[in-house]
Amino acid sequence: MNSGFDTSLGSAGMYSGGAPSGSGPLEESLGGAGANAELQEFIAMEQQKQQLRATIQNLTDTCWEKCITGNPGTRLDSKTEACLENCVHRFFDVTVMIANRFASALQRQGGM
């Protein structure tokens, strides 16, 4: 049975084939180029979600190390609560500042 894929091994004994080129039955069943655009959009959204998760984890780790000393009890004291709040605010302030500087640099490069 021919699946439409090249399953031959190259000179190094490794798979050298790939997906068939052009528009085959698989592409047609997935909706062709429209499905590819949707897949690319989905991948981009998932990458953005992962970046957000990583940022939140970084924020949590940084502020925890800075503000929590010892083992926390069932409630945070006012000093620790204020420290965490300030840490989060500074983290977002710095993030916005960096984003603005990056946008300005891109605009300057585009205007050259």
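How each quantity is defined
- Residues numbered from 1 in each chain as written.
- Predicted model: local features only at pLDDT ≥ 70, side-chain atom pairs only at ≥ 80, totals over all residues.
- Heavy atoms only, no water.
- Helix = DSSP H or I, 4+ residues; strand = E, 2+ residues; numbered from the N terminus.
- Buried < 20%, exposed > 50% of the residue type's maximum accessible area, 1.4 Å probe, protein only.
- Contact = heavy atoms within 4.5 Å.
- pLDDT = per-residue confidence, 0-100.
- Phe/Tyr/Trp six-rings, centres within 6.5 Å; stacked < 30°, edge-to-face > 60°.
- Salt bridge = Lys/Arg side-chain N within 4 Å of Asp/Glu carboxyl O.
- Disulfide = S-S within 2.5 Å.

Participant: Sorry, what's going on with the overall build of the protein here?
Facilitator: Within the protein one finds three helices and zero strands. The order of helices and strands in the protein, counted from the N terminus, is α-α-α. Across the 112 residues that make up the protein, the buried fraction comes to 8%. Pairs at least 24 apart in sequence give 19% of the contacts found in the protein among residues at least 6 apart.

Participant: I'm lost on the confidence of the model for the protein in this one. Help?
Facilitator: Caution applies to low-pLDDT regions: their predicted coordinates should not be interpreted in detail. Model confidence for the protein is summarised by a mean pLDDT of 78, while 69% of its residues fall at 70 or above. Mean pLDDT in the protein bottoms out at helix α1 (residues 25-30), which sits at 52, and peaks at helix α3 (residues 78-110), which reaches 93. Counting contacts from residues 1-22, a segment whose pLDDT is below 50, to residues more than four positions away or on other chains yields 19 contacts.

Participant: Is there a simple way to think about the packing of aromatic side chains in this case?
Facilitator: The relation between two aromatic rings is expressed through the spacing of the ring centres and the mutual angle of the planes. Applying the stated criterion across every chain yields a total of one aromatic pair. On the basis of an interplanar angle of 85 degrees and a centroid distance of 6.1 Å, the ring pair of Phe91 and Phe92 is categorised as edge-to-face.

Participant: In this structure, what is going on with the pattern of salt bridges? I would like to understand it.
Facilitator: The full count for this structure, using the stated rule, is two salt bridges. We note a salt bridge from Lys49 to Glu46, for which the minimum N-O separation is 3.1 Å. Placement of the pair is Lys49 and Glu46 together in helix α2 (residues 33-67), with a separation of three residues, close to one helical turn. Judged by relative accessible area, Glu46 falls into the partly exposed class, the value being 28%. Across the salt bridge formed by Arg90 and Asp93, the nearest N and O atoms sit 2.8 Å from each other.

Participant: Teacher, can you tell me more about the state of the cysteines here?
Facilitator: Disulfides are covalent bonds that connect the sulfur atoms of two cysteines. On inspection of all chains with the given rule, the structure shows two disulfides. There is a disulfide in this structure between Cys63 and Cys87, and the S-S distance comes to 2.0 Å. Looking down the S-S bond of the Cys63 and Cys87 bridge, the torsion is -90 degrees, so its handedness is left-handed. In this pair, Cys63 is assigned in helix α2 and Cys87 in helix α3, connecting sequence segments 24 residues apart.

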